[in-house]
Amino acid sequence: MKNWWKEPFVHFVLLGALLFATQNIWSPAAPESTDIVISKSAQDRLFGLWTLEALREPTAQDKQDIIADYVREEALVREAEALGLADGDTVVRRRLAQKMRELIEDRVDISEPSDDELRNWFKSNQQLFATPERRTFQHIFFAGQSAEANADKIITAQSALKAQQNWQSLGDAFIEKRVYSDISIGETTRIFGRGFAENIFAEPQGRWSAPITSAFGQHLVRIAAINTGKAANFEEKRPQILSAWQEAQRRSANQAAVDDVIARYSVEIE
């Protein structure tokens, strides 16, 4: 038969086969269960969440709507899972992992420590509760990218300081302050960078430093005042120490619980 592919009957058969194949591709596999059971405790949870959001108790009609919404969501979720729509979805995977972690961590129970246990933990973590040293410093800023680029300006400023010239008239304009009062090393690091902060907190009080480099440029710095740090007293800080101990124990227990889950699996990396 010539040109058999032009026959209407052939077209009909091919179209039917295509529709059949398409239906098989897109028809979801049957969910594991078609029973949606909403227990009394589940209803109480749904109504409770609704109350928190609406700031009022649900009416009888509200309860019917809440249950209808839940049934609709549950049915669609099951169908989506049967289709495998969540497979490979990073957002869904992370959300499920987060919910599982929360479920595991909710079960962690932290007991009250003995006095000796808390004191021993405090001795190993005193730096967490100590009052840090704070400093007040003045600085003359130079905007060049290197000490070499600023060499002439720095030498001129140093000569002016020796001649008792007003330090605030020297150097380049700075976008923030020329004087920082009672500032910690952490705050100094946040503004100027770690290297600058470490140098500032190693400088003696009362003299102008050699050039110190920051994230902005170079600085001549004078430490005007030092407020020395103070070690923490156990009795004074006991509530904060107990709270920190409990949080540390909770983090450790949570991680151990997650590790126990991971240990159930055999991991192979190709």
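Reading guide: rules and limits
Residues numbered from 1 in each chain as written. Predicted model: local features only at pLDDT ≥ 70, side-chain atom pairs only at ≥ 80, totals over all residues. Heavy atoms only, no water. Helix = DSSP H or I, 4+ residues; strand = E, 2+ residues; numbered from the N terminus. Buried < 20%, exposed > 50% of the residue type's maximum accessible area, 1.4 Å probe, protein only. Contact = heavy atoms within 4.5 Å. Areas by Shrake-Rupley, 256 points an atom, 1.4 Å probe, with all protein chains shown as cover. Pairing = 2+ DSSP bridges. Axes fitted to C-alpha atoms, helices over the stretch in contact; angles between N-to-C directions. Phe/Tyr/Trp six-rings, centres within 6.5 Å; stacked < 30°, edge-to-face > 60°. Salt bridge = Lys/Arg side-chain N within 4 Å of Asp/Glu carboxyl O. pLDDT = per-residue confidence, 0-100.

**A closer look at the overall build of the protein**
Looking only at helices and strands, the protein has nine helices and four strands in total. Each of the 270 residues in the protein was classed as buried or not, and the buried ones make up 24%. Long-range contacts, defined here as pairs at least 24 residues apart, represent 65% of the contacts in the protein between residues at least 6 apart. A total accessible area of about 19500 Å² is found for the protein, and carbon and sulfur atoms account for 53% of it.

**Quick notes on the sheet that holds strand E1 (residues 134–142)**
Read across the open sheet, the four strands follow the order E2-E1-E4-E3; overall the sheet is antiparallel. The sheet is open, and its two edges are formed by strand E2 (179–184) and strand E3 (212–213), each paired on a single side. As paired elements, E1 and strand E4 (residues 218–227) share nine bridges and run antiparallel to each other. Residue pairing across strands places Gln138 opposite Arg222, the latter belonging to E4. Helix H6 (residues 151–162) contacts E1 and E4 of the sheet and is inclined by roughly 40° relative to E4.

**Examining the packing of aromatic side chains**
Under the counting rule described, the total for this entry stands at 13 aromatic pairs. Seen from their ring centres, Trp167 and Trp208 are 5.8 Å apart, and the 50° between their planes marks the pair as tilted. Separated by 41 residues along the polypeptide, Trp167 in the loop between H6 and E2 and Trp208 in the loop between helix H8 (194–200) and E3 bring together distant segments of the chain. When its relative accessible area of 13% is taken as the criterion, Trp167 is described as buried.

**Remarks on the pairing of E4**
Both faces of the sheet carry side chains from a regular strand, because those side chains alternate between them. Note that E3 and E4 share two bridges and pair antiparallel. The residue bridging Thr213 from the neighbouring strand is Gln218, located in E4. Linking E3 to E4, which pair antiparallel, is a turn of four residues.

**Here's the deal with the pattern of salt bridges**
This model, assessed by the stated rule, comprises 13 salt bridges. One salt bridge connects Lys40 with Asp44, and the closest N-O pair in it is separated by 2.9 Å. One end of the pair, Lys40, and the other, Asp44, are both in helix H2 (residues 40–54), four residues apart, so they sit about a helical turn from each other. Arg119 is the salt-bridge partner of Glu235, the closest N and O atoms lying 2.5 Å from each other. Of this pair, Glu235 sits in helix H9 (residues 234–263) while Arg119 sits in helix H5 (residues 115–124), and the two are 116 residues apart along the sequence. Here Arg119 falls in the partly exposed class, since its relative accessible area comes to 30%. Here the salt bridges share partners, and the residues they tie into one network are Asp115, Arg119, Glu235 and Arg238.

**A closer look at the confidence of the model for the protein**
If pLDDT is low for a region, its predicted coordinates should not be looked at in detail. When pLDDT is averaged across the protein, the result is 83; 86% of the residues are at 70 or more. Ignoring residues within four places in sequence, the model shows residues 18–28, a span with pLDDT below 50, making four contacts including any to other chains.

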